[in-house]
Amino acid sequence: MVVMHAIPQIPEIGHSEGYYARKVREAEKAGDDHAREAFKVAQYITLAISPHLEWPQKLRYFEHALRRHCQAPPLASDPVWLFYAELANLVRRYCGNEALKLASREDDRYADMLRHGYDRKKIENDAEMFFTRLLGIIRSIPSISTKKTGCNCE
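These figures come from a predicted structure and were not determined experimentally.

Our focus in this paragraph is the overall build of the protein chain. Looking only at helices and strands, one finds six helices and zero strands in the protein chain. Listed N to C, the secondary structure of the protein chain is α-α-α-α-α-α in terms of helices and strands. In the protein chain, which comprises 154 residues, the share counted as buried stands at 32%. Long-range contacts, defined here as pairs at least 24 residues apart, represent 61% of the contacts in the protein chain between residues at least 6 apart. Entry remark: accessible area of the protein chain is about 11,200 Å², with carbon and sulfur atoms responsible for 54%.

As structure tokens, then:
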């Protein structure tokens, strides 16, 4: 006999990692796969937003949550599919917020270095390395035609 569980609410982020671990165990005990996945997502987001982690560790948690816990089961109904899409959006939103915080802090640091007379070329090289680590390697950048935009910038 298959037990049908209602689609749970998207979990609120902000509790301790232990809270989510307990909720995962409760969902497993109840046989509620959707709640288990939702609380796993919340648990990994909570781990990822720790201020003590470097970006690669944060990204590893976010990617794991997306890959392992935000995938709807095969042949899922539309409401179930939408639930998992919402979980994935939750992960992406928190990941994006973390990336923006890191980028903003780093940008402020570069501005301070410029104000204090550091070599601009060194700052540019440091920034390129940082943003490549943050965003990955961009294979191609769409060109902007100055004829279409009227831009005189180089």
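Moving on from the model shown.
Outside of glycine, negative phi angles account for most residues, and trans bonds account for most peptide bonds. Residues other than glycine seldom take positive phi values, yet Leu75 does so here, at roughly 60 degrees. Inspection of the secondary structure assignment puts Leu75 in the loop between α3 (55-69) and α4 (78-115). According to the relative accessible area criterion, Leu75 is exposed, its value standing at 89%.

Turning next to helix α5 (residues 120-135). Over its 16 residues, α5 runs 22 Å from end to end, which matches the ideal 22 Å to within 8%, given 1.5 Å per residue. Among the residues of α5, Ile123, Asp126, Ala127, Phe130 and Leu134 are the ones counted as buried. Projection of α5 onto a plane perpendicular to its axis shows the buried side chains occupying an angular sector of 100 degrees, all on one side. In α5, the exposed positions angled more than 90 degrees off the buried face are occupied by Lys121, Glu128 and Met129. Each element contacted by the buried residues of α5 is listed here: α3 and α4. Within two residues after α5, Gly136 carries a phi angle of roughly 85 degrees, on the positive side.

Over its 14 residues, helix α1 (residues 17-30) extends 20 Å from the first C-alpha to the last, a length consistent with the 20 Å expected when each residue adds 1.5 Å. Looking at α1, one finds that the buried residues are Tyr20, Ala21, Val24 and Ala27. Projection of α1 onto a plane perpendicular to its axis shows the buried side chains occupying an angular sector of 125 degrees, all on one side. Among the exposed residues of α1, those oriented more than 90 degrees off its buried face are Arg25 and Lys29. For α1, the secondary structure elements touched by its buried residues are α2 (33-48). One or two positions beyond α1, positive phi appears at Gly31, with a value near 75 degrees.

What follows covers the packing of α2 against α4. Direction vectors running N to C along α2 and α4 enclose 5 degrees, while the axes themselves pass 10 Å from each other. Of the possible angle classes, the one that applies to α2 and α4 is roughly parallel. When α2 is examined against α4, the residues Asp33, His34, Glu37, Ala38, Val41, Ile45 and Ala48 are found in contact with a partner set consisting of Val80, Phe83, Tyr84, Leu87, Leu90, Val91, Tyr94 and Glu98. Across the contact of α2 with α4, the residue classes break down as eleven nonpolar, one polar and three charged.

A few words now on the packing of aromatic side chains. Scanning the model with the defined rule gives four aromatic pairs in all. Each ring, one from Tyr19 and one from Tyr20, has its centre 5.2 Å from the other, and the planes form 80 degrees; the classification is edge-to-face. Relative accessible area serves as the criterion here: at 24%, Tyr19 is assigned to the partly exposed category. What makes Tyr20 buried here is its relative accessible area of 0%. Each ring, one from Phe83 and one from Tyr84, has its centre 5.2 Å from the other, and the planes form 85 degrees; the classification is edge-to-face. For Tyr84, a relative accessible area of 3% puts it in the buried group.

Analysis parameters
Residues numbered from 1 in each chain as written. Predicted model: local features only at pLDDT ≥ 70, side-chain atom pairs only at ≥ 80, totals over all residues. Heavy atoms only, no water. Helix = DSSP H or I, 4+ residues; strand = E, 2+ residues; numbered from the N terminus. Buried < 20%, exposed > 50% of the residue type's maximum accessible area, 1.4 Å probe, protein only. Contact = heavy atoms within 4.5 Å. Areas by Shrake-Rupley, 256 points an atom, 1.4 Å probe, with all protein chains shown as cover. Expected span 1.5 Å × (residues − 1). Arc of directions from axis to C-beta. Axes fitted to C-alpha atoms, helices over the stretch in contact; angles between N-to-C directions. Parallel < 35°, antiparallel > 145°, perpendicular 65-115°, else oblique. Nonpolar A, V, L, I, M, F, W, Y, C, P; charged D, E, K, R; others polar. Phe/Tyr/Trp six-rings, centres within 6.5 Å; stacked < 30°, edge-to-face > 60°.

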